[in-house]
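Here is what each chain is made of, one letter per residue.
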Amino acid sequence: MATVHMMRESPVEETLDRSPRSPEAKLGMKVEDLWDVQEPQLSPTEKLNACFESIPVSAFPSANSSQVVEIKSDTSLAEAVKILADNKILSAPVVDVDAPADASWMDRYLGVVEFAGIAVWILHQVRDISGSFRWAPFLALQRSNSFLTMLLLLSKYKMKSVPVVDLGDGKIDNIITQSAVIHMLAECAGLQWFESWGTKKLSEIGLPSMSAVHICKVHEEEPVLQAFKLMRKKRIGAIPVVGSDGQKPVGNISLRDVQFLLTAPEIYHDYRSITAKNFLTAVRSYLKKHHETSPMVNGLITCTKDHTIKELILQLDSKKIHRVYVVDDAGNLEGVITLRDIISRLVHEPPGYFGDFFDGVLPLPQNSRV
């Protein structure tokens, strides 16, 4: 798979008028208004913390104003994979079909089913596709919780998405993902608070935080199952595929791609032996044949430490990807930057901020089935 270097953004309008182009830009203007009244002695990060603490998560726009995708507890694993794939999402809340109509949200939802759990199923080579399956623990925010809480959960506390519940209805009315936050930031380009932070070079804000030495990677001639094994073991969402020299990234395999081991017959039949290189080629061919859009169809996106955080955000948002690999002038892997890394540089956790907040996290249900 070809590697595409991240291009410098052409000059864009640096200021937005007072007619926001999107709900996210409108939200950015709200941050701008709060930014202007912060104490001048505060650092930019301290100002942002204060702004985000003043905005409730109920203000965050729903994705495409669409209904939250839920998976019923009696759904088979094969059907769950199809639902996630068709809606192009990494996870979805599981609703208990036996819950009464007036159940509270804690009684209504059992947890979250995600591709990470599906990867475990593949690695265990379970023959019954509707067999036992354990889903992720469930943690949700109330509409009155702050933006700061949400951003910290998505970064420091490593949640891929945060459900927001309406206590009155006892239902989830929004799910905020890392990608949605990055899209919001991209829509805020041009605003003072964003530009004061976004025009810094990646190296200035400590990115990439992980060097090439510590990056888990798979060689192109290794079995693709090795990539999913490493992702499961290290609890990461994707892994780079490197060429024969072990230095240059040639592709990326994510947990989401485990779906092709189930849905693409030409891959499924050989999933135990197919190499990472051939897997990338087969998936790309499958996507083109079925006229499906996916970041995997395009070349691998890379950048250098001299790019700005703004350039990176705009690229991540436009390409709908979750990570960019950092390379040197020779194209050798130097690091990786994920959506979580970017959000973590936006805010910091005040001492004792969460208190007993995590006491409400639901445990994993025993012998659960999807």
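Predicted model, so just to flag it, every value in this text is computed and none were measured.

A. Layout of the environment of Met210. As for its placement among the helices and strands, Met210 is situated in strand 8 (residues 210-211). Counting along the chain gives 127 residues from Met210 to Ile337, while the straight-line C-alpha distance between them is 8.1 Å.

B. Representation of the pairing of strand 12 (residues 300-303) within the structure. Of the two faces of strand 12, both are covered, the one formed by Leu300 and Thr302 as well as the one formed by Ile301 and Cys303. Sheet analysis places strand 12 next to strand 13 (residues 323-327), joined by two bridges and oriented parallel. Bridge assignment links Cys303 to a residue of strand 13, and that residue is Val326.

C. Looking closely at the packing of helix 1 (residues 23-36) against helix 7 (residues 178-187). At a minimum axis separation of 8 Å, helix 1 and helix 7 run at an interaxial angle of 70°. In terms of axis orientation, helix 1 runs roughly perpendicular to helix 7. Touching Glu24, Ala25 and Leu27 of helix 1 are His183, Met184 and Glu187, all from helix 7. Classifying every residue of the contact of helix 1 with helix 7 by side-chain character gives three nonpolar, one polar and two charged.

D. Geometry of the side chain of Thr338. Topologically, Thr338 is positioned in strand 14 (residues 333-338). For Thr338, a relative accessible area of 15% corresponds to the buried category. Once residues lying within four places of it in the same chain are set aside, the contact partners of Thr338 are His322 and Arg323.

E. Looking closely at empty space enclosed by the protein. In total, this model carries one cavity of 30 Å³ or more according to the counting rule given. In this model, the largest cavity occupies a volume close to 30 Å³. Lining the largest cavity are Ser91, Ala92, Pro93, Val112, Ser161, Pro163 and Ile175. Listing elements by their share of the lining of the largest cavity, those giving two or more residues are strand 3 (91-95) and strand 6 (161-166). At three residues, strand 3 tops the list of elements feeding residues into the lining of the largest cavity. For the lining of the largest cavity, the class distribution of residues is five nonpolar, two polar and no charged.

Criteria and thresholds
Residues numbered from 1 in each chain as written. Predicted model: local features only at pLDDT ≥ 70, side-chain atom pairs only at ≥ 80, totals over all residues. Heavy atoms only, no water. Helix = DSSP H or I, 4+ residues; strand = E, 2+ residues; numbered from the N terminus. Buried < 20%, exposed > 50% of the residue type's maximum accessible area, 1.4 Å probe, protein only. Pairing = 2+ DSSP bridges. Axes fitted to C-alpha atoms, helices over the stretch in contact; angles between N-to-C directions. Parallel < 35°, antiparallel > 145°, perpendicular 65-115°, else oblique. Contact = heavy atoms within 4.5 Å. Nonpolar A, V, L, I, M, F, W, Y, C, P; charged D, E, K, R; others polar. 1 Å grid on protein atoms, 1.4 Å probe; cavity = no way out; pocket = protein on both sides within 12 Å on 5 of 7 lines; lining within 4 Å. Points joined across faces, edges and corners; volume = space filled by probe spheres on them.

The quantities given are spatial measurements derived from coordinates; they are silent on function.
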